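Each chain, written out:
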Amino acid sequence: MVAIRRLLPRGYLFTVLGIAVGVAGLVALGAMAERITRFIDGGDRFVLGQISVAGEGMGMGTGFTAGGLLRAAKIEQIARVPGVAAVQAQVMMPLDPTTSQFLTLTQELILGVDPAVRMPNREFRELPVREGRALRAGDRGVVVVGADFAASRGLRAGGTLELGAGRTFQVVGVLEKTLTAPDRFAIVPLDDARDLWLRRDPLLVQVFAGGAGGMSRADLNTGAAAAWADGVDPDALARRIQREVPGLNVTIPGELSRLLRQSTAFFSALLFGIGVLGLVIGGLSLSNTVTAAVFERIRDFGIKRALGATDGQLLREVLGEALGVSISGGALGVGLALAVGALVDARVLRDGQQLFLFSPRLLGFALAFSVILGGLAATYATLRIVRLSPAEAIRRGG
Amino acid sequence: MVVRALGLTKTFRGPDGGPVPVLHGVDVEVKAGEFVAVAGPSGCGKSTLLNLLGLLDPPDAGEIWLDEMCVSRLSRRAQCRVRGRSIGYVFQSFLLIAGLSALENVLLAARYVDRPRPQALAEARVLMERLGVAHRGDHYPAQLSGGEQQRVAYCRAVLNAPPLVLADEPTGNLDDGHAAVILAELRALCRERGTSVILVTHRADAAARADRTLRLHSGRLEAQGGERSS
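The rules behind each value
Residues numbered from 1 in each chain as written. Chains lettered and ligands numbered in written order. Predicted model: local features only at pLDDT ≥ 70, side-chain atom pairs only at ≥ 80, totals over all residues. Helix = DSSP H or I, 4+ residues; strand = E, 2+ residues; numbered from the N terminus. Buried ≥ 20, exposed ≤ 12 C-beta atoms within 10 Å, placed from the backbone. Contact = placed C-beta atoms within 7 Å. Pairing = 2+ DSSP bridges. Axes fitted to C-alpha atoms, helices over the stretch in contact; angles between N-to-C directions. Arc of directions from axis to C-beta. Core = buried A, V, L, I, M, F, W, Y, C linked by C-beta atoms within 7 Å. Nonpolar A, V, L, I, M, F, W, Y, C, P; charged D, E, K, R; others polar. Parallel < 35°, antiparallel > 145°, perpendicular 65-115°, else oblique. Left-handed = near helix turned anticlockwise from the far one by under 90°. pLDDT = per-residue confidence, 0-100. Expected span 1.5 Å × (residues − 1).

Looking now at the overall build of chain A. Helix and strand counts for chain A come out as 14 helices and ten strands. Sorting the 398 residues of chain A into buried and exposed places 42% on the buried side. Intrachain contacts of chain A at a sequence separation of at least 6 include 80% that bridge at least 24 residues.

Here it is, written out as structure tokens:
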């Protein structure tokens, strides 16, 4: 506090604190909006980057998370459809089998993929690894975990992870934070995922034991992701797959994106409201604080006018001080919001969540906002004061 | 500097919004180097007259001339220049800026007339030394006694060597000793620099030091006092 006091023009400490509170509110609300935006955008990018296929009748929600079965023969048929560049069989299931099988936005998932097959998603060619390594062809008994998944359990590369059904995996990598679904993934080799599925589902084991329908391990897929060749319209290709390979539930990327946008419309409206609220609260707090600080010094301005200060000289002086005060208050507010955000996120991270995203654009905007609004408020107040005669300004200032 | 005021009239708005006339067509003339006291009962318009003469308040009617220039008709910006270069003010309540040190308060007078800071700083230190407040240069007004504050305010008023100094009850909050210092300084200004000084005062001893006393009553000038040889 003493250090801050020394840096500021005398008498401005409470002004700076007032601005800091306004900017902190703006930044905190903005960071929550940024977090939601990034999450929705991440999901949108994902669904637009691949054609997702599940077994017939199961739908995207259940089929892709262990509710349905997409047999190997179907996957081979999909691969033969003109325009399909690659198909990756996948097993996806909730980490906690006691929870709903429906895909939720915040659910922790086990994803089984074949590392030998290139990621078919055009938007996520590979998931960035922060620590350790990605899965490799031939891996067994290893897992790569998402950033939130790792943080909520204190996992590091080299550690071990129990994924249920008595299976312990060695953690070989931790993904960078993507702020979308993969942050809560545990990614294992496809065969390991099939093992987990079999161990969890007694009915499935009985079906296998009975040799029903000539099923093999290769048929144990909850879904598949298809990539399209360059120049192919993904929506048209998805419809062609649906037409040419019977018994599938194919998602149309464009339609799914629209559906996702519609289903997240509430969140979009919410974050818009949060943003507007942040601007209004932060803006009012800041401009009110700066204006009040200038009006409080009306007597000083009267004295300076008596000593010969012109409108321009006073305005330059006030703007210079407002700049210093706004930058100090803005920086302090950003620091305050970062501290509060870090404290709250440290708490919610235990549940694998993150509430705030302090992006550089948000912090830059908050600082620019505080400086510009501070300058405008100071200009307004100064122009009001210079209209008064020096004696009147001194009288009003007491 | 010769100061002339013709038909100065000023009316304020009262608490009920009605007009409160304060000055009624006052004519004043002060010669260069003259020390004039303005006396009268409370509320007679002494301070208002001083504020009009110092361009701190605009008159409702009348003209103010400094030498050959009608300053009451100048633009706001030009009046700022006149205030900064030609007029010094000493107020009863000192009117120092709380956030500035004593030295910074004195130097404020030079800031708005674009005087080189090193020159102003040297002169400010000499002035403050002479008035006995140089050792208080780094102190803020709240850390100074009333006498010290008034001496700092006096240094600020005369730093730019203005040809006209207006003093509104400068000794009103001071004990006799400190009042004598300020009055002696004002007297010396007239004698040594040829500065015109207009002093609003209640104190008979202060008025007695003036060359002439103007008496105001209910916003009208009553009579011109006899001249005193300086």
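Additional details are given in the paragraphs that follow.
The next subject is the overall build of chain B. In terms of helices and strands, chain B carries seven helices and ten strands. Within chain B, buried positions represent 50% of all 230 residues. Here the analysis covers contacts within chain B between residues at least 6 apart in sequence; of these, 68% occur between residues at least 24 apart.

Attention now moves to the sheet that holds strand β1 (residues 3-13) of chain B. Residues and elements named next belong to chain B. Strands sit in the order β2-β1-β4-β5 across an open sheet of four strands; the sheet is antiparallel. On the outer flanks of this sheet lie β2 (19-30) and β5 (69-70), each paired with one strand and no other. Pairing of strand β4 (residues 61-66) with β5 involves two bridges; the strand directions are antiparallel. Counterpart to L66 in the pairing with β5 is M69. Contacting β1, β2 and β4, helix α1 (residues 46-53) crosses the sheet at an angle of about 120° to β1.

A few words on helix α8 (residues 234-244) of chain A. All names here are of chain A. L237, A238 and I241 are the residues of α8 that are buried. Projection of α8 onto a plane perpendicular to its axis shows the buried side chains occupying an angular sector of 100°, all on one side. Check the buried side of α8 and you find it contacts β1 (51-55), α4 (72-80), β2 (84-94), β9 (223-228), β10 (248-250) and α9 (253-263).

Of all hydrophobic cores here, the largest spans 122 residues; its most connected members are V27 of chain A together with V38, V106, C155, V165 and L199 of chain B. The element that contributes the greatest number of residues to this core is helix α2 (residues 13-48) of chain A, accounting for 14 residues. With residues near it in sequence (within four places) discarded, V165 of chain B still touches G88, V90, A157, V158, L186, L189, T195 and V197 of chain B. Core analysis: the next-biggest nonpolar cluster, separate from the first, contains 55 residues, V171, A186, A226 and I252 of chain A among them.

All names here are of chain B. Looking at where S218 falls in the secondary structure, it is placed in the loop between β9 (212-217) and β10 (220-224). Among the residues examined, S218 registers 14 C-beta atoms within 10 Å and is labelled partly exposed. Between the alpha carbons of S218 and H24 there is a distance of 8.4 Å; along the sequence they are 194 residues apart.

Residue and element names in this part refer to chain B. Of note, the phi angle at D67 is positive, near 50°, even though the residue is not glycine. With 13 C-beta atoms packed within 10 Å, D67 lands in the partly exposed category. In this structure, E169 takes a positive phi of about 45° despite not being glycine. Along the chain, E169 falls in the loop between β7 (164-168) and α6 (176-193). Overall, the presence of 20 C-beta atoms within 10 Å leaves E169 in the buried class.

What follows deals with the pairing of β7 of chain B. Residues and elements named next belong to chain B. Taken across its five residues, β7 has five buried, putting it largely inside the fold. Of the two faces of β7, the one holding L164, L166 and D168 and the one holding V165 and A167 are both buried throughout. Taken together, the five bridges between strand β6 (residues 87-91) and β7 define a ladder with parallel strand orientation. Looking across to β7, one finds that V90 is bridged to A167. As paired elements, β7 and strand β8 (residues 196-200) share five bridges and run parallel to each other. Note that in β8 the partner of D168 across the bridge is V200.

The partner chain A presents 18 residues to the 18 residues of chain B that form the contact. Sorting the residues of the side of chain B that touches chain A by element identifies α2 (76-86) and α3 (102-111) of chain B as the ones contributing at least two each. At six residues, α2 of chain B tops the list of elements feeding residues into the side of chain B that touches chain A. In terms of residue class, the side of chain B that touches chain A is made up of ten nonpolar, three polar and five charged.

For P94 of chain A, the location among the structural elements is in strand β2. Taking C-alpha positions, P94 of chain A is 9.4 Å from F185 of chain A, a pair spaced 91 residues apart along the chain.

This next bit is on the packing of α2 of chain A against helix α12 (residues 311-348) of chain A. Residue and element names in this part refer to chain A. Two numbers describe how α2 lies on α12: the axes approach to 7 Å, and their chain directions differ by 45°. Judged on the interaxial angle alone, α12 and α2 are oblique. The handedness of the crossing between α2 and α12 comes out as right-handed. Contacts between α2 and α12 involve T15, V16, I19, A20, V21, G22, V23, A24, V27, A28 and A31 from the first element and V325, S326, S328, G329, G330, L332, G333, V334, L336, A337, V340 and G341 from the second. Across the contact of α2 with α12, the residue classes tally to 15 nonpolar, eight polar and no charged.

Looking now at the confidence of the model for chain A. All names here are of chain A. Averaged over all residues, the pLDDT of chain A equals 83, while 89% of them reach at least 70. Here helix α1 (residues 2-7) stands out as the element of chain A with the lowest mean pLDDT, 47, in contrast to strand β5 (residues 142-145), whose mean of 95 is the highest. Overall, residues 1-7 carries pLDDT values under 50, and its contacts beyond four positions in sequence, including any with other chains, amount to three contacts. In this model, residues 58-64 is a region of pLDDT below 50 whose contacts with residues beyond four sequence positions or in other chains number 28 contacts.

Moving on, we come to helix α4 (residues 117-131) of chain B. All names here are of chain B. The terminal C-alpha atoms of α4, which comprises 15 residues, lie 21 Å apart, in line with the 21 Å expected from a rise of 1.5 Å per residue. Those residues of α4 lying buried are A124, L127, M128 and L131. Seen end-on, α4 carries its buried residues on one side only, within an arc spanning 95°. In α4, the exposed positions angled more than 90 degrees off the buried face are occupied by P118, Q119, A122, V126 and R130. Its buried side turned inward, α4 meets α3 and α5 (146-158). One or two positions beyond α4, positive phi appears at G132, with a value near 80°.

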